[in-house]
Amino acid sequence: MGFADYLILFSLGIIAPLNGILFWSSSKPKKNIVLGVTFPTEALSDRAINLIVKRFRINLIIAEVFLLFALLMIFVLAEYFSVRLTLALVWMIAAIVLPIFLFAKANTELKELKLEEGYRSPLQNLRVVDLKTRQNFEKPRSVKWFLPPLIVSLLPVILAKFILPKEIVRDFSIMCSMFSFMIVLSMLLYPLIFRQRMDILGYESEKNAELSRIRLQGWTTVWFGIAWLSAPLGLLFMFFYKSETAFLIILCVYMAAMLVLAILVEMGVRSRQEKITLAMGEDYVDEDVNWIYGLFYHNPRDRHVLINDRVGMNMSVNMANFWGKVIMGATVLILLAMPFFGVYLIKQELSPRAAGFDDVSVSFKHVSERFNINYEDILKLELLEELPRSMRVYGTGMDELLEGKFTVEGIGRATLSLNPQIPPYIMIKTEDKIEIFNLMSSEDTRGFFERMERAYLEFKTQSAKKAA
Amino acid sequence: MCYTGYNTSIASHTMAERRLGLILTIDFESESPIYMQIRDQIVRGIGSGELESGERLPSIRALSDDIGVNPMTVSKAYSLLKQEGFISSTRKGGSVVSEKIPEGGLDDEKKLALHTVASEARIRGMGEREFLKLCSDYYRGGA
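Conventions adopted
- As a convention, each chain's residues are numbered from 1 in the sequence order in which they are written.
- Chains carry letters and ligands carry numbers; both start at the beginning, A for chains and 1 for ligands, and go up in the order they are written.
- Local features in a predicted model are, by the rule used here, given only for residues with pLDDT of at least 70; side-chain atom pairs are given and counted only at 80 or more, and totals for whole chains, interfaces and linings are based on all residues.
- Under the DSSP-based scheme used, a helix requires at least four consecutive residues in state H or I and a strand at least two consecutive residues in state E, with every element numbered from the N terminus.
- We take the radius of gyration over the C-alpha atoms and set the globule estimate at 2.2 Å times the residue count to the 0.38 power.
- Labels follow a simple rule on C-beta atoms placed from the backbone: if 20 or more others lie within 10 Å of a residue's own, it is buried; if 12 or fewer, it is exposed; otherwise it is partly exposed.
- We call two strands paired when DSSP finds no fewer than two bridges between them.
- For a helix, the expected span equals 1.5 Å multiplied by the number of residues minus one.
- The axes are straight lines fitted to the C-alpha atoms, using for helices just the contacting stretch, and the angles between their N-to-C directions are given from 0 to 180°.
- The nonpolar core criterion groups buried Ala, Val, Leu, Ile, Met, Phe, Trp, Tyr and Cys residues into a set whenever they are joined through C-beta atoms within 7 Å.
- The contact rule is simple: place each C-beta atom from the backbone, and if two of them lie within 7 Å, those residues are in contact.
- Residue ranges for the domains trace back to a domain assignment, done automatically or taken from a database.
- Oblique is the label for any angle not covered by the other classes, which are roughly parallel (under 35 degrees), roughly antiparallel (over 145) and roughly perpendicular (65 to 115).
- We call Asp, Glu, Lys and Arg charged. Ala, Val, Leu, Ile, Met, Phe, Trp, Tyr, Cys and Pro are nonpolar, and the rest, Gly among them, are polar.
- pLDDT gives the predictor's per-residue confidence on a scale running from 0 to 100.

**Q** How would you sum up the overall build of chain A? Please name residues and give values.
**A** Looking only at helices and strands, chain A features twelve helices and 16 strands. In terms of C-alpha radius of gyration, chain A reaches 29 Å, well past the compact-globule figure of 23 Å for 468 residues. The dimensions of chain A, computed from C-alpha atoms along their principal axes, are 100 × 50 × 35 Å. Out of the 468 residues in chain A, the part that is buried amounts to 33%.

**Q** Outline the overall build of chain B, supporting the account with residue identities and numerical values.
**A** Helix and strand content of chain B: six helices and four strands. Buried positions account for 25% of the 143 residues belonging to chain B.

**Q** Describe the pairing of strand E9 (residues 361-366) of chain A, with residues and values.
**A** All names here are of chain A. In this structure, strand E8 (residues 354-357) lies alongside E9, joined through four bridges in antiparallel fashion. Residue Ala355 lies in a different strand from E9, and its bridge partner there is Phe364. Hairpin connection between E8 and E9: a loop of three residues separates the two successive antiparallel strands. Across six bridges, the pairing between E9 and strand E10 (residues 369-374) is antiparallel. When the sheet's bridge partners are listed, Phe364 is paired in E10 with Phe371. Counted between consecutive antiparallel strands, the loop separating E9 from E10 contains two residues, among which Val367 sits at a positive phi close to 50°.

**Q** Quick one: what's the story with helix H12 (residues 442-467) of chain A, residue by residue and with numbers?
**A** One full turn of an α-helix is made of 3.6 residues, so residues set three or four places apart face in the same direction. When the terminal C-alpha atoms of H12(A) are compared, their 37 Å separation across 26 residues agrees well with the 38 Å that a helix rising 1.5 Å per residue should span. Burial in H12(A) covers these residues: A:Thr445, A:Phe448, A:Phe449 and A:Tyr456.

**Q** Tell me about the sheet that holds E10(A), and name the residues and values.
**A** All names here are of chain A. Pairing within the open sheet is antiparallel, and its three strands lie in the order E8-E9-E10. In this open sheet, the two edge strands, each paired with only one partner strand, are E8 and E10. Shown here is a sheet whose adjacent strand axes are inclined to one another by a mean of 5°, direction ignored.

**Q** Before we move on, could you go through the nonpolar core and cite the residues and values that matter?
**A** Of all hydrophobic cores here, the largest spans 34 residues; its most connected members are A:Val128 and B:Val74. Ignoring any residue separated from it by four or fewer positions in sequence, one finds A:Val128 in contact with A:Leu123, A:Ile200, A:Val285, B:Ile23 and B:Thr25. A:Phe56, A:Ala63, A:Phe81 and A:Leu89 belong to the second-largest nonpolar core, a separate cluster that totals 32 residues.

**Q** Could you give me a rundown of the sheet that holds strand E11 (residues 380-384) of chain A, with the residues and numbers involved?
**A** All names here are of chain A. Strand order in the open sheet formed by six strands is E11-E15-E16-E14-E13-E12, and the pairing between neighbours is mixed. If you trace the sheet from one side to the other, it starts and ends with E11 and strand E12 (390-398), each paired once. Recorded for the sheet is a direction-independent mean angle of 15° between the axes of neighbouring strands. Bridge count between E12 and strand E13 (residues 401-408): eight bridges; the pairing is antiparallel. Directly across from Gly395, in E13, lies its bridge partner Gly404.

**Q** Account for the domain arrangement of chain A, with residues named and values stated.
**A** For chain A, the domain assignment lists domain 1 (122-286) and domain 2 (351-467). Each of domain 1 of chain A and domain 2 of chain A was reduced to a C-alpha centroid, and the two centroids are 46 Å apart.

**Q** Account for the packing of helix H2 (residues 15-26) of chain A against helix H3 (residues 47-77) of chain A, naming residues and giving values.
**A** All names here are of chain A. It is the contact of H2 with H3, at a shortest axis distance of 9 Å, that shows an interaxial angle of 170°. Judged on the interaxial angle alone, H3 and H2 are roughly antiparallel. Contacts from Ala16, Pro17, Gly20, Phe23 and Trp24 in H2 reach Arg57, Leu60, Glu64, Leu67 and Leu68 in H3. Residue classes in the contact of H2 with H3 are distributed as seven nonpolar, one polar and two charged.

**Q** Quick one: what's the story with the packing of H3(A) against helix H4 (residues 81-117) of chain A, residue by residue and with numbers?
**A** All names here are of chain A. The N-to-C vectors of H3 and H4 enclose an angle of 175°; their axes lie 10 Å apart at closest approach. As the angle between them shows, H3 and H4 are arranged roughly antiparallel. Broken down by class, the residue content of the contact of H3 with H4 amounts to 22 nonpolar, one polar and two charged.

**Q** Which residues make up the pairing of E13(A), and what values go with them?
**A** Residue and element names in this part refer to chain A. Of all eight residues making up E13, six are buried, and the element is well covered by its neighbours. In this structure, the hairpin formed by E12 and E13 is closed by a connection of two residues. Bridging between E13 and strand E14 (residues 412-418) involves seven bridges; their strand directions are antiparallel. Following the sheet pairing, Leu402 is matched in E14 by Leu418. Linking E13 back to E14 in an antiparallel pair, the connection comprises three residues, with Gly410 at a positive phi of about 85°.

**Q** Please provide a residue-by-residue account of the environment of A:Ile193, values included.
**A** Residues and elements named next belong to chain A. One can find Ile193 in the loop between helix H7 (166-189) and helix H8 (205-230). The class for Ile193 is partly exposed, based on 19 C-beta atoms found within 10 Å. Between the C-alpha atoms of Ile193 and Pro140, which are 53 residues apart in sequence, the distance is 8.8 Å. Excluding its chain neighbours within four sequence positions, the residues that come into contact with Ile193 are Leu216 and Trp219.

**Q** Pulling in residues and values, what's your account of the confidence of the model for chain B?
**A** Residues and elements named next belong to chain B. Scored by pLDDT, chain B comes out at a mean of 81, with 84% of its residues at no less than 70. Averaged pLDDT values for the elements of chain B fall to 39 in helix H1 (residues 9-18) and rise to 95 in helix H4 (residues 71-83). Predicted confidence is poor over residues 1-21, with pLDDT under 50, and the contacts of this stretch with residues over four places away or in other chains come to 40 contacts. Both scores are available for the predicted complex, with the pTM at 0.79 and the ipTM at 0.74.

**Q** Describe unusual backbone geometry, listing the residues and the values that go with them.
**A** Residues and elements named next belong to chain A. The omega torsion of the bond from Pro423 to Pro424 falls at 5°, within 30 degrees of zero and hence cis. For Leu35, which is not glycine, the phi torsion reads 45° and is therefore positive. Position of Leu35 among the secondary structure elements: in the loop between strand E1 (33-34) and strand E2 (37-38). Residue Leu35 is classed as buried on the basis of its 28 C-beta neighbours within 10 Å.

Structure follows, in structure tokens:
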């Protein structure tokens, strides 16, 4: 297993415990809601309810342990990287769906129990608004506070021209602009959270206000956190641009920091919600009817697309709204499409790279990467014994396959289709493009280059004679 | 504890409103239009003293965001309240509870509505004293 394997194993593997923690947390009452079902405070000690909750927790632990074991097996048993990746993507869907299924099952059981026992709040199915909390609602901080991180993120774009090699300045600037874009996005989205609905428990205005404040503080921390985490990335990449390992480590630390930030804030909000709502009055807000399986919001009378989750600070989409359906549909489609991307990678990794030539041209083919170059267009033909340092612009980067557009040190922007483990590499340069490729073994590549070079030189000689 | 005593949404709704304070409860299933529910509850809030004269009301956009309805619905409720003199506009475009609410008792329509309620109470066997006590409680702004 290579570095990329460990990276995928870790980044996907973390889904199972994180999902487990979040779903486990939902089984502890917050705002009198247990596994998406609202009960009166007195009912929370009901034996039947606790039995369902206990069963859910046991099933959740079994499911998460099984999922982690399955992921490990994928990486131990599957031989090819692309096969491992494809199976890991299928695993990811299972890791998302399985806890949802368990949650939905427990939610249905609790809803039935609630109906049987006749638990009902006077505020059931009513939309409750606390005018006092709304009047004193916190105002968002000025967006000018996003300017310092934005300026820091833009610094490397300016400095790159003076510090970095010419051929990578363009791609580097585009990459840095992505981080600036993240900050601008945070700046634009931040005020919108203040337009979301307040948290409402019931008639206790102070608790309503406190819960709303906790959510807003959480989101403020997240958006400013994202901005400040993204700000120095460009500068760090600029100082370590020569080391691909440093690049990957910085990127991993950045992603991990974002994840840790999101989880810490989410768990902090949940914990505070739990403490504030330990004892609630008889009149508590109950909107269970709008939450399918306690997870999916569906309210045709609500014009909002994005809805605050009742527990934690996340958001859901209103599936009764057209745009809500579009967002949910697109998310599901993307998730389901991911394994197909893996299948494409399998084809890329396992298909042989084939090249051919005749008296006037040379051609190459590998899955979707193909070209046909006439000898008369070739400016330079060279056999590279070593592949210079390459930075991917877009395409595939696996241990045994580099394919797509890359910025190659000392050469510039080039299209690669090669196995970096088996040098040499053939470089063909024309006026408008540079192709670098190799075949399935060093001998094949070397033999092909020698034969093709002869044909090419012959063509040149003939052309020169004709011209004379 | 079971809440089997709350059998109808009307009963529970009435109880919720009696404790109103500054809490609005909107029933999307009710036959009463949403703008009227907003208007009625703000009037009750003023009557009970929970909303004091000069007190600021949420903006139309904020309130419509909270209820999840079109801003036009809230705007209609606010317009009605302004027309009736219960609230007024500020220079900055906000709305506040009026300092001087026009006096003059109930108009004919309201009297007729009260007449209907009193008749219904009598038909349903509510004693006069009990009915007057209820009216008195509401009049004084209590629950």
